[in-house]
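A structural walkthrough
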Amino acid sequence: MGLNARNPSPFWILKGARTGPIDKVRTVLRGLLQRFGTVNFKRQLWNQEYGRGSWNCLDTMTGDCVYPYAERYVKNGCILDLGCGPGAVGNELNASAYDSYIGVDISDVAIEKARRRTTENHRTGKNHYFQGDILSYVPKGQYDVILFGDSIYYFRPQRTAEMLTRYSKYLKPDGALIVRSWVTHHRSRAIIRNIERDFDVVEKHLYHESQIVVIVFQPPASRRAALRLAAGA
Ligand SMILES: C[S@@+](CC[C@H](N)C(=O)[O-])C[C@H]1O[C@@H](n2cnc3c(N)ncnc32)[C@H](O)[C@@H]1O
């Protein structure tokens, strides 16, 4: 079916009722577009969803299970939040727990919301946001915490593994990667298994009747030693 005046957006098929077999097709299609679409396509898809309020549930995440880990491991330093959405983490973490925060998201609609909330919250001095694709974003500097908050499963498995290894090079010598993820789908469980295989897990905890995992991990000791050497520590 082609586009027409009633369905002007290429994403019209992803809208509408959320029940029955059509919904299942939509969910599968959406997942495929998120993993295999072009950067521009993914950006438009997320912008559309944020624009029509599908993700309003992310505006406030008071007391989220990942916050105590982010606050503990950031050690008053710097945090990089990949797939930051509309700014909950950067505005709800205890402001005295960190020195600087960078949020990156593919959706400029989400980034705009995050910036607005940051201004209202008087955190413009320490929080900064960038629109970009996690797969190609190049961080500036080294971080104490690199966080993926429900943003780890939008990539092909091979790309996810490469991406985590690439980002681990932007950790400070004692820094940690933190993933918060739903584990109700076999794909996200496979990602967590791969993390456990490829990295040193510092801690891992389950929440919400084991539907959500928070896993804190670091590069293997040999790679950490190389990172320390490179940092002159
Ligand atoms: C489920 S939301 C989670 C948002 C936020 N981290 C939170 O916990 O509330 C997933 C976020 O990942 C972002 N995202 C998905 N694919 C991305 C990509 N390739 N690059 C950057 N951000 C991406 C989406 O725009 C969305 O804001």
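Structural data are supplied above this passage.
Presented here is an overview of the structure given in this document. Since the structure is predicted, the reported quantities are computational estimates derived from the model, not experimental observations.

Moving on, we come to the site of the ligand. If you check the shell around the ligand, you find 19 residues, and the closest are Gly83, Gly85, Ile106, Ile134 and Gly149. By residue class, the composition of the shell around the ligand is ten nonpolar, five polar and four charged.

Spatial ordering of the open sheet is given by S3-S2-S1-S4-S5-S7-S6, a layout of seven strands whose pairing is mixed. Of all the strands in the sheet, the pair left with one neighbour each is strand S3 (127-131) and strand S6 (200-207). Across the sheet, the axes of successive neighbouring strands diverge by a mean angle of 15 degrees, strand direction being ignored. Where strand S1 (residues 78-82) lies against strand S2 (residues 100-105), five bridges are found, and the strand directions are parallel. Counted as the bridge partner of aspartate 81 is glycine 103 from S2.

In terms of burial, S1 is a largely internal element, five of the five residues being buried. Burial along S1 is two-sided: Cys78, Leu80 and Leu82 and Ile79 and Asp81, pointing in opposite directions, are all buried. Sheet topology note: the S1/strand S4 (residues 143-149) ladder contains four bridges and is parallel. Directly across from leucine 80, in S4, lies its bridge partner isoleucine 146.

The rules we used
Residues numbered from 1 in each chain as written. Predicted model: local features only at pLDDT ≥ 70, side-chain atom pairs only at ≥ 80, totals over all residues. Near = placed C-beta within 6 Å. Nonpolar A, V, L, I, M, F, W, Y, C, P; charged D, E, K, R; others polar. Pairing = 2+ DSSP bridges. Helix = DSSP H or I, 4+ residues; strand = E, 2+ residues; numbered from the N terminus. Axes fitted to C-alpha atoms, helices over the stretch in contact; angles between N-to-C directions. Buried ≥ 20, exposed ≤ 12 C-beta atoms within 10 Å, placed from the backbone.

Don't take any of this as a statement about function, it's just geometry.
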